[in-house]
Number of protein chains: 2
Amino acid sequence: MDFSSKLLENAVYEVSQLPGIGKRTALRLVLHLLKQPEQRTENLSTSLVNLRGKIQFCQNCHNISDTTMCEICANLKRDDALVCVVEDIRDVMAIENTGQFRGKYHVLGGKISPMEGIGPQNLKIGTLVDKVRKGVIKELIFALSSTMEGDTTNFYIFRQIEGLEVKTSTIARGIAVGDELEYADEVTLGRSILNRVPFEGSLRQD
Amino acid sequence: MDFSSKLLENAVYEVSQLPGIGKRTALRLVLHLLKQPEQRTENLSTSLVNLRGKIQFCQNCHNISDTTMCEICANLKRDDALVCVVEDIRDVMAIENTGQFRGKYHVLGGKISPMEGIGPQNLKIGTLVDKVRKGVIKELIFALSSTMEGDTTNFYIFRQIEGLEVKTSTIARGIAVGDELEYADEVTLGRSILNRVPFEGSLRQD
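Residue positions are given per chain, counting from 1 as you read along its sequence in written order. Here the convention is simple: chains get letters from A, ligands get numbers from 1, in the order in which they are written. Residue-level local features of this predicted model are given only where pLDDT is at least 70; pairs of side-chain atoms are given and counted only at 80 or more, and the full residue set underlies all totals for whole chains, interfaces and linings. Hydrogen atoms and water are omitted, and side-chain values are computed over all heavy atoms in the structure.

Two residues form a contact once any of their heavy atoms are found within 4.5 Å. Opposite the 52 residues of chain B that make contact, chain A presents 52 residues. By definition, the buried area sums, over both parts, the 1.4 Å-probe accessible area that each loses when the two are put together. Carbon and sulfur atoms supply 69% of the area that chain B and chain A bury against each other, a total of about 5100 Å² over both sides. Three residues, L7(B), L34(B) and R52(B), lead the burial of chain B against chain A; their summed loss comes to 14% of the area buried on that side. Basic side-chain nitrogens of Lys or Arg form a salt bridge, by our definition, when they fall within 4 Å of a carboxyl oxygen of Asp or Glu. Counting across the interface, chain B meets chain A through two salt bridges. The residue E14(A) makes a salt bridge to R40(B) at a minimum N-O spacing of 3.3 Å. Nitrogen and oxygen atoms within 3.5 Å of one another constitute a polar contact, given that in protein one can donate a hydrogen and the other can accept it, and given that sequence-neighbouring residues count only through two side-chain atoms. On the surface where chain B and chain A come into contact, there are 14 residue pairs in polar contact (both at pLDDT 80 or more). Strands here mean DSSP runs of E at least two residues long; helices mean DSSP runs of H or I at least four residues long; both are numbered from the N terminus. Broken down by secondary-structure element, the contributors of at least two residues to the side of chain B that touches chain A are α1 (6–16), α2 (23–35), α3 (38–54), β2 (64–65) and α5 (89–98) of chain B. In terms of residue count, the dominant contributor to the side of chain B that touches chain A is α3(B) (15 residues).

Looking now at unusual backbone geometry. Residues and elements named next belong to chain A. Phi is positive for H62, which is not a glycine, with a value near 70 degrees. Tracing the sequence through the fold places H62 in the loop between β1 (56–57) and β2 (64–65). When a residue's accessible area, from a 1.4 Å probe over protein chains only, is under 20% of the maximum for its type it is buried; when over 50% it is exposed; and in between it is partly exposed. For H62, a relative accessible area of 12% puts it in the buried group.

A few words now on the relation of the copies chain B and chain A. A least-squares superposition brings the copies together, and it is based on the C-alpha atoms of residues with pLDDT no lower than 70 in both. When chain B is fitted onto chain A, the two copies agree to an RMSD of 0.1 Å after a turn of 180 degrees and an axial shift of 0.1 Å. On this basis, the relationship between the two copies can be described by a two-fold rotation axis. The rotation axis passes nearest to the C-alpha of S45(B) in chain B, at a distance of 2.3 Å. Mapped onto chain A, 100% of the interface residues of chain B again fall at the interface, so both copies present the same surface.

UniProt positions are given in the numbering used here, feature names are shortened, and annotations may be inferred rather than shown by experiment. UniProt's entry tags residues 58–73 of chain A with the feature "zinc finger region: C4-type" (unreviewed entry), counted in the numbering of this structure. Here residues 58–73 of chain A runs as 19% helix and 12% strand, with 8 Å between its end C-alpha atoms.

This part covers the pattern of salt bridges. By the definition in use, this model includes 18 salt bridges over all chains. Measuring nitrogen to oxygen at the nearest pair gives 3.5 Å for the salt bridge that ties R159(A) to E162(A). Across the pair K104(B) and D80(B) runs a salt bridge whose closest N-O atoms are separated by 2.9 Å. Separated by 24 residues along the polypeptide, K104(B) in strand β4 (residues 103–107) and D80(B) in strand β3 (residues 79–86) bring together distant segments of the chain. According to the relative accessible area criterion, K104(B) is buried, its value standing at 5%. A relative accessible area of 40% places D80(B) in the partly exposed class.

Quick look at the structure:
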């Protein structure tokens, strides 16, 4: 693209570096900011710079937090013995939204992915193993996505804690509530039959 | 969404104010920035604040520019007598890309749109009429999109310059080069038949 302005070209370049945003979308967003009051752009950049510069990670679960210990870890009413292992804050938010989980989290910060150059040493696995070793955790719930990377990560952690005194489980895979059977993929449907639950138990979950 | 961090919540809110970006996308973009070096976020915000604070608009054609007169208007080789009326810088870039236009532009900054509260007084129509009145312009090419708003704007400008000594034209509407006739909408196909061009003329344009 041939811009008439270096300032514009530079801004479009920086915005287009964001994932999933091409040059055209970047130009549209930048032109939008030009039409808005200057304060809007100031607010946007200040919020980003503030976040990037001041953000902390909970020293216990590694979730994004404004303090050295996040609200969930600081909550004495939540069960220390039940820990859900997730990839990032989006998974924490999704699970918190259900209102079904009263334990704590351990945020890995990603999944093992040789393709993207992410190895176990890039994730918060060491501190998880340490926590398990201390014996406070009774059950670990693996809640990573069921992709190749997710399964690899689950398996790697599982090997690290093998022999230690802890129960492990993974979240149930199955047909989504409200979904039609005929449109489900066979792997999911197969799993939902293998891992069927007693009828009374299924009612309780709603 | 229930965030564990005010800093994060604030950044996601600001990003989600951009057009076409919802809360989820905003969160994805912000988390991406958190994984990147701090310099990346600094560069992004600086480029936006710089653009918003320092950008100028060409005093002649109103296009975005780093200087008081844009490169196209300052180019003495381009024809002052032929002016293409467009909505914004994206249209200028698109036409410049064709390499077919050696005249100058007049950037309105939008289209008349009562729905969005944009009236003629919000657009750069007055300076266009002034330019026509001075008699330098021999032909005005209307290159607005052929929507209700575009047609309204064309017509409004046309009425303002009625009686003045200037030729007016609009860009040709027709079947796109490489498109199949059978998939074209009837209005476009109808126009392409009404506005047919001599066979020799059609060859010259490639």
